[in-house]
Amino acid sequence: MITVPAQALLDELGIPVERVYSLGLSVIRRADVEGLAAENVPTATYELPKVQRAVAKAVQMSHATIPAAYTVMAMDLDDTLELAARLTREVRRPVGLAELFVLAVARLHATFPMFFATLADDRTARLSETPNIGVTVDTGEGLYVPVIHNAADRPLKEVATRLMEFRLASTTGDFRESDLANANIAVTLHHDADVSLAIPFIFPGHACALAITTPQPVLTLIDDTLTTKKVANIGLAYDHRLINGREAALFLRALKDTIHELPRAEGILAL
C-alpha cells in the first residue's frame, strides 16, 4: 500500500512506482520516498588537476618504498633574516630563507655526499657530482619543485633570480622540462606563520628532504636578561637505508653553522 502523501511525492519527483516495490515494504510512506529521492541526488565530484595527480603519485611511491626517519633542529635566524633584508636591497631581487638555505645546503655537498645520493640497489648508492637543489613552490595553482642545478657554483643573485622566475612560472604551470628535472635533494618551504613543524615526504630517488618553517619569536635568557629571538624548526626527513640518525644530526648541525656564518662570510654576493 502506498500512502497518499507518498504517492504525491512519487508523482512530483517522477519516481517510477516499481522503485518503491523494490523496497520490500508492505506500506510505503512519504519518508520512504524521500529516502529514494536522496539516493538519486548526484554526488558532487572534482577532477584533480594534473599537477596534483603527479604529487599524489610521488607521495604514494615515496611512502610505499622509502623507510623514512625524521630529525628536527631549532635554529636562531635573527642574523639570517637581517642578512636577507640587506641582500634584497643589494641584489634587487627577493632574498629570503629559501635563497639562503639553497646556498647553505649547496655548500655541504662535498662534506655530506650521501645526502645528495641516489640508492642504486641494496648494496650501492650513486653519488652526485653537483648539488641540484629542488625547492618547493606553491602559489595556489599546484605544488611544483623546480631545481637550482649545480647550486654550489651559482652566485646569490642568480639563485634569487631563478627562484623569482620559478614563482612566476608556478602561477601558470609554465615550466620547461629541464626546470623540474634531476634534483638530488629537496628544500621544502612552509610559509604559514602558525606552522612550527613540518615533515616532508622524500621524493623518489632522493636521500632526504629539508623542511624550512617560518621563524617564531621565542623568549631566551642571555646573561640573566630575557630577550626575544626568532627561531625556526628545521627538519630533515631521510632515507634510513642511506643515512642514520647520527649523520642526520651532524648534517643539521653543519647546516646551522653554515647559516650562522653567512652574515660574516666574505663575498656573500659572489657565493
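What you see is a predicted model; the values in this text were computed from it and never measured.

Student: How should I be thinking about the overall build of the protein in this particular structure?
Tutor: Helices and strands together make up the secondary structure of the protein, namely eight helices and nine strands. Overall, the protein is about 90 × 50 × 35 Å in size when its C-alpha atoms are taken along their principal axes. Considering only intrachain contacts with a sequence separation of at least 6, the fraction spanning at least 24 residues in the protein is 62%. Taken as a whole, the protein presents about 15100 Å² of accessible surface, with 53% of it coming from carbon and sulfur.

Student: Please clarify how the pattern of salt bridges should be interpreted in this entry.
Tutor: Two side chains with opposite charge may pair up if their charged atoms get near one another. Here the structure, examined in full by the defined rule, presents 10 salt bridges. Taking the shortest distance from any N to any O, the salt bridge between Glu 34 and Arg 30 comes out at 3.4 Å. Within this pair, Glu 34 and its partner Arg 30 are both found in helix H3 (residues 30-40), separated by four residues, close to a single helical turn. By relative accessible area, which is 42% here, Glu 34 ends up partly exposed. Overall, Arg 30 belongs to the partly exposed group, its relative accessible area being 35%.

Student: Got a minute to help me understand helix H5 (residues 78-91) in this structure?
Tutor: Structural remark: α-helix, 3.6 residues per turn; residues separated by three or four positions point the same way. Between its terminal C-alpha atoms H5 stretches 20 Å, which fits the 20 Å expected from 14 residues at 1.5 Å a residue. Listing the buried residues of H5 in full gives Asp 78, Thr 80, Leu 83, Ala 84, Leu 87 and Val 91. In this fold, the buried residues of H5 make contact with strand E1 (68-76), helix H6 (97-106), helix H7 (156-170), strand E9 (225-239) and helix H8 (245-261).

Student: When you look at the side chain of Lys 256 in this model, what are you seeing that I'm missing?
Tutor: Relative to the helices and strands, Lys 256 is located in helix H8. Despite its burial, Lys 256 pairs with no opposite charge, the nearest such side chain being Asp 257 at 6.9 Å. Of note is the side chain of Lys 256, whose polar atom sits 3.1 Å from the backbone oxygen of Ala 74. If sequence neighbours within four positions are ignored, Lys 256 has contacts with Met 73, Ala 74 and Met 75.

Student: How do you make sense of the packing of aromatic side chains when you look at a structure like this?
Tutor: Enumeration according to the criterion identifies six aromatic pairs in this entry. Ring centres 4.9 Å apart and planes at 40° place the aromatic pair Tyr 144 and Phe 175 in the tilted group. With Tyr 144 in the loop between strand E4 (133-135) and strand E5 (147-148) and Phe 175 in the loop between H7 and strand E6 (185-190), the pair connects residues that are 31 residues apart, well separated along the chain. Tyr 144 sits in the buried class, given a relative accessible area of 14%. Owing to a relative accessible area of 14%, Phe 175 belongs among the buried residues under this scheme. Look at Phe 201 and Phe 203: their rings are 4.6 Å apart centre to centre, the planes differ by 45°, and that puts the pair in the tilted class. Using a relative accessible area of 16% as the deciding quantity, one classes Phe 201 as buried. Clustering of aromatic rings is evident, with ring pairs tying together Phe 112, Phe 115 and Phe 251.

Student: Please clarify how unusual backbone geometry should be interpreted in this entry.
Tutor: Residues other than glycine predominantly adopt negative phi, and peptide bonds predominantly adopt the trans conformation. Positive phi, normally seen in glycine, also occurs at Arg 92, with a value near 55°. With respect to the secondary-structure elements, Arg 92 resides in the loop between H5 and H6. You will see that Asp 224, though not glycine, has its phi angle at about 65°, which is positive. One can find Asp 224 in the loop between strand E8 (216-222) and E9. Given the relative accessible area of 76%, Asp 224 is considered exposed.

Student: Looking at this structure, how should I read a nonpolar patch on the surface?
Tutor: A cluster of nonpolar side chains, Val 72, Leu 197 and Ile 199, forms an exposed patch at the surface whose accessible area comes to about 280 Å². Within the fold, Val 72 resides in strand E1. According to the relative accessible area criterion, Val 72 is partly exposed, its value standing at 39%.

Student: When you look at the domain arrangement of the protein in this model, what are you seeing that I'm missing?
Tutor: Bring the parts together and some accessible area is lost; that lost area is often taken as the interface size. The domain boundaries assigned to the protein delineate domain 1 (4-40) and domain 2 (50-264). Using C-alpha coordinates to define each centre, domain 1 is positioned 59 Å away from domain 2.

Student: Is there a simple way to think about H7 in this case?
Tutor: Taking 1.5 Å per residue, 15 residues should reach 21 Å; H7 reaches 21 Å between its end C-alpha atoms and fits that length. Of the residues making up H7, those classed as buried are Leu 156, Val 159, Ala 160, Thr 161, Leu 163, Phe 166, Ala 169 and Ser 170. Those residues of H7 that are buried are in contact with H5, H6, E4 and E5.

About the cut-offs
- Residues numbered from 1 in each chain as written.
- Predicted model: local features only at pLDDT ≥ 70, side-chain atom pairs only at ≥ 80, totals over all residues.
- Heavy atoms only, no water.
- Helix = DSSP H or I, 4+ residues; strand = E, 2+ residues; numbered from the N terminus.
- Contact = heavy atoms within 4.5 Å.
- Areas by Shrake-Rupley, 256 points an atom, 1.4 Å probe, with all protein chains shown as cover.
- Salt bridge = Lys/Arg side-chain N within 4 Å of Asp/Glu carboxyl O.
- Buried < 20%, exposed > 50% of the residue type's maximum accessible area, 1.4 Å probe, protein only.
- Expected span 1.5 Å × (residues − 1).
- Lys, Arg positive; Asp, Glu negative; His and termini not counted.
- Polar contact = N/O pair within 3.5 Å; in protein donor to acceptor, adjacent residues only side chain to side chain.
- Phe/Tyr/Trp six-rings, centres within 6.5 Å; stacked < 30°, edge-to-face > 60°.
- Patch = residues over 30% accessible without salt bridge, like charges linked within 9 Å, V, L, I, M, F, W, Y side chains within 5 Å.
- Domains from an automatic or database assignment.

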